[in-house]
Amino acid sequence: MTRTLKKIHKWVGLLIGVQVFLWLLSGLVIALIDPVKVSGKQWARPTTAESQTIDSTRLLNPAQLPAERLKNALGVDLMMRHGKAVYLVKRADGESLVSAVDASLIVIDKTDAERLAQQDFGGDGVIVSIEPGMAPDKETRGKKGAFWRVNFSDKANTAIYISASTGAILERRNTYWRVRDFFWMLHIMDYPGRENFNNPLIITVALIAIWLGLSGFGLLFGSFTRADFFFLNVFRKNDEAVVTLVDKKAGDSRQVKLRKGSNLFLSLATHNVNVASICGGGGECGKCRLKIECTDLPGANDIETALIPKRLREQGYRLTCQQLVENDMVLHLAESTHSNQQ
Amino acid sequence: MVVVDIDFIHGDPLVRNMQDTVVIPDSPKINFADLRTQYPDAIRIGLTPVMGKTLYTVMTTEKRYLLDPQTGLTYSPLDEQSAREIAKYHFAGEAQITNVMLITSNPPMEIKTRRLPLWRVDFDDRFATSFYIDPFNGSLATRRHQYWRIFDFLWMLHIMDYEDRSDAHNRLLIAAQFTGLTFAISGLWLLFYSFSGRRKKLRLGTN
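Notes on the structure in this doc start here. The model shown is predicted, which means the values in this text are computed figures rather than measured ones.

## Structural notes on the overall build of chain A
When its secondary structure is counted, chain A shows eight helices and 15 strands. In summary, chain A has a C-alpha radius of gyration of 38 Å against a globular reference of 20 Å for 342 residues, an excess of more than 25%. For the C-alpha atoms alone, the extent of chain A along its principal axes is close to 120 × 40 × 35 Å. Sorting the 342 residues of chain A into buried and exposed places 42% on the buried side. Contacts in chain A between residues at least 24 apart in sequence constitute 53% of all its contacts with a sequence separation of at least 6. Total accessible area on chain A stands at roughly 18600 Å², and carbon and sulfur atoms take up 56% of it. Placing the 43 positive and 35 negative side-chain charges of chain A at their respective mean positions leaves the two points 5 Å apart.

## Thoughts on the sheet that holds strand E10 (residues 252-259) of chain A
All names here are of chain A. Across the sheet, which stays open at both edges, the five strands sit in the order E10-E9-E14-E12-E13 with mixed pairing between neighbours. Looking at which strands have only one partner, the edges of the open sheet turn out to be E10 and strand E13 (317-319). Across the sheet, the mean angle separating the axes of adjacent strands is 35° when strand polarity is ignored. As defined by bridge partners, strand E12 (residues 289-294) adjoins E13 across three bridges and the pair is classed as antiparallel. Across the sheet, Arg289 pairs through a bridge with Leu319, a residue of E13.

## Describing the environment of Ile6 of chain B
Residue and element names in this part refer to chain B. By the secondary structure assignment, Ile6 is in helix H1 (residues 6-9). You can call Ile6 buried: its relative accessible area is 19%. Along the backbone, Ile6 and Pro135 are 129 residues apart, and their C-alpha atoms lie at a distance of 28 Å.

## Some words on the packing of helix H1 (residues 2-32) of chain A against helix H4 (residues 175-188) of chain A
Residue and element names in this part refer to chain A. Where H1 contacts H4, the two axes come as close as 8 Å, and the packing angle between them is 145°. H4 is crossed by H1, and the crossing has left-handed handedness. When H1 is examined against H4, the residues Gln19, Leu22, Trp23, Leu25, Ser26, Gly27, Val29 and Ile30 are found in contact with a partner set consisting of Arg180, Phe183, Trp184, Leu186 and His187. Of the residues assigned to the contact of H1 with H4, the class counts are eight nonpolar, four polar and one charged.

## Some details on the sheet that holds strand E7 (residues 159-163) of chain A
Residues and elements named next belong to chain A. Judged by pairing direction, the sheet is antiparallel, and its four strands sit side by side in the order E5-E6-E7-E8 without closing on themselves. Taken across any chain shown, the strands that pair with only one partner, and hence form the sheet edges, are strand E5 (127-135) and strand E8 (169-173). Across the sheet, the axes of successive neighbouring strands diverge by a mean angle of 20°, strand direction being ignored. Looking at chain direction, strand E6 (residues 145-152) and E7 are connected through five bridges and run antiparallel. Paired with Phe147 across the bridge in E7 is Ser163. Sheet strands touched by helix H3 (residues 110-120): E5, E6, E7 and E8. Its angle to E6, the strand with the most contacts, is close to 55°.

## Quick look at the packing of H1 of chain A against helix H5 (residues 171-194) of chain B
Two elements in contact, H1 of chain A and H5 of chain B, have axes whose closest approach is 9 Å; the angle formed by their N-to-C orientations is 155°. As far as their axial angle goes, H5 of chain B and H1 of chain A are roughly antiparallel. Note on packing geometry: the crossing formed by H1 of chain A with H5 of chain B is left-handed. For the pair H1 of chain A and H5 of chain B, contact is made by Lys10, Gly13, Leu14, Gly17, Val18, Phe21, Leu24, Leu25, Gly27, Leu28, Ala31 and Leu32 of chain A and by Leu173, Ile174, Gln177, Phe178, Gly180, Leu181, Ala184, Ile185, Leu188, Leu191 and Ser194 of chain B, respectively. Classifying every residue of the contact of H1 of chain A with H5 of chain B by side-chain character gives 16 nonpolar, six polar and one charged.

## Let's talk about the packing of aromatic side chains
Residue and element names in this part refer to chain B. In the structure shown here, the tally under the stated rule is 16 aromatic pairs over all chains. Arranged with centres 5.5 Å apart and planes meeting at 55°, the rings of Phe8 and Tyr147 form a pair that is tilted. Remark: Tyr147 occurs in helix H4 (residues 146-159) and Phe8 occurs in helix H1; sequence separation between them is 139 residues. Look at Phe8 and you get partly exposed, because its relative accessible area is 22%. Judged by its relative accessible area of 36%, Tyr147 falls in the partly exposed class.

## Remarks on the side chain of Ser26 of chain A
All names here are of chain A. Here Ser26 shows up in helix H1. Judged by relative accessible area, which is 0%, Ser26 ranks as buried. A distance of 2.6 Å separates a polar atom in the side chain of Ser26 from the backbone oxygen of Leu22. Among residues more than four places away in sequence, those in contact with Ser26 are Phe183, Leu186 and His187.

## Focus on the interface of chain A and chain B
The interface is formed by 55 residues belonging to chain A together with 50 residues belonging to chain B. Of the roughly 4200 Å² buried where chain A meets chain B, counting both sides, 65% is carbon and sulfur surface. Taken as a group, Lys10, Leu28 and Leu74 of chain A account for 13% of the area that chain A buries against chain B, more than any other trio of residues on that side. Counting across the chain A and chain B interface gives one salt bridge. With a closest N to O distance of 3.5 Å, Arg44 of chain B and Asp77 of chain A form a salt bridge. Connecting chain A to chain B are 13 residue pairs in polar contact (both at pLDDT 80 or more). Those elements giving two or more residues to the side of chain A that touches chain B turn out to be H1, strand E1 (75-81), strand E2 (84-91), helix H5 (200-223) and helix H7 (302-307) of chain A. Among the elements that take part in the side of chain A that touches chain B, H1 of chain A stands out by supplying 15 residues, more than any other.

Quick notes on the rules
- Residues numbered from 1 in each chain as written.
- Chains lettered and ligands numbered in written order.
- Predicted model: local features only at pLDDT ≥ 70, side-chain atom pairs only at ≥ 80, totals over all residues.
- Heavy atoms only, no water.
- Helix = DSSP H or I, 4+ residues; strand = E, 2+ residues; numbered from the N terminus.
- Rg over C-alpha atoms; globule rule 2.2 N^0.38 Å.
- Buried < 20%, exposed > 50% of the residue type's maximum accessible area, 1.4 Å probe, protein only.
- Contact = heavy atoms within 4.5 Å.
- Areas by Shrake-Rupley, 256 points an atom, 1.4 Å probe, with all protein chains shown as cover.
- Lys, Arg positive; Asp, Glu negative; His and termini not counted.
- Charge placed at Lys NZ, Arg CZ, Asp CG, Glu CD.
- Pairing = 2+ DSSP bridges.
- Axes fitted to C-alpha atoms, helices over the stretch in contact; angles between N-to-C directions.
- Left-handed = near helix turned anticlockwise from the far one by under 90°.
- Nonpolar A, V, L, I, M, F, W, Y, C, P; charged D, E, K, R; others polar.
- Parallel < 35°, antiparallel > 145°, perpendicular 65-115°, else oblique.
- Phe/Tyr/Trp six-rings, centres within 6.5 Å; stacked < 30°, edge-to-face > 60°.
- Polar contact = N/O pair within 3.5 Å; in protein donor to acceptor, adjacent residues only side chain to side chain.
- Buried area = accessible area lost by both parts, 1.4 Å probe.
- Salt bridge = Lys/Arg side-chain N within 4 Å of Asp/Glu carboxyl O.

Set out below in structure tokens:
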């Protein structure tokens, strides 16, 4: 059961392990990049435009404007913009500005955009180019309407997006944002749009990842043995097991006391009992196998299964380099064991 | 978090009449010029639809007002009865209102960043919906429901900001991510070796 689960766990891990890695990596990158830089506020000048008192001697009331200027408006607001009294008209498909003095529709041209972007940008760089565009595009997701993209020569490659209908700053984009956005795409697995995290791909992979996590947690219980917790014995003195060494050839036996939790192969060596080995306890050569009699001899692990024939395993043969001292035991020394009694 | 549609979390299906358009008052008792005289420090004077009726909104540097163009009367701050009516007007369900309260300070976490005061109107539906009505412009400021609250809780776990649930750049998260990334890399490393026929090599060793 556990073996099958392990196998499935392994293959599923292969299947989505890379995405799990990408989730962690992109999450880390997103958390590390300074959000003030990502938003572009780091290089934006503070603005007072929002709190200017309406200051105009000659005002048209909404009813005096041509009807088409306010058609389908969800909201109409009189305010100061670019030093003039204007009506900001909100519609489902975007916003527009109408002069409150002469009812003309305000259009932000390239020169206006240049001025507005220059006013906003407080970073170290000059305008290198201005191009028209239509939102939403890659860098103006969630926005609507025509815009001017004003590119700056600063190190962060800032682009300020000015609405062509209101002159409002739609977005401030820079390298920080672009890097974050790339990792955001990897994080939410929406490669074309980079905004929808309810996509079927991420749902599928996330469900598999949850299974992977749960099965991994379940497998943890099997991968730990009592011996893994013997390190706690450092708090207990003299917790030793009696190991009886039977030397059939010499026809005698003797006892050594080994600390519980220690590696049997190494622990024997410290008592001058050198079990034959080529790899030196690495679990590679299989030479250190001995017959062990013990009340609860642990089952052979993967390495022992591979290196000891089944017949011998059933008789109690184990690799001493793979065994921990847990309980009193009887060890049948082989001819090859070099035991030096002192 | 990825399974449940984000528009549902935002409560879009719970709301109706969000796209009401304004009707320009033809011969109002007071017009914009009057309002500007009345509020010389106004920074915004507007028209806004409230329950199908177009009202005036005024924002000064300090205060906000809601007025009736036809009578010139000031409605703001809206009373409980108006808040109930506005909430019902926008609520897409059939459930009854269970509780209405004015929140002036110590807002619950779900409206922490919102401008106060707000009327909270709770509905007796299976989502435990709450509508928040702004008493100074009559708008539905926001809506919350049980799944939004669960999502917000999960988001807190996701970004490990257990206090404000909004800062995804905290040190705890970054430390956990470094740890997680280390384990992921070592896991992928081990995975590579678990496929590379190590056992076969060991079997050869016995010969």
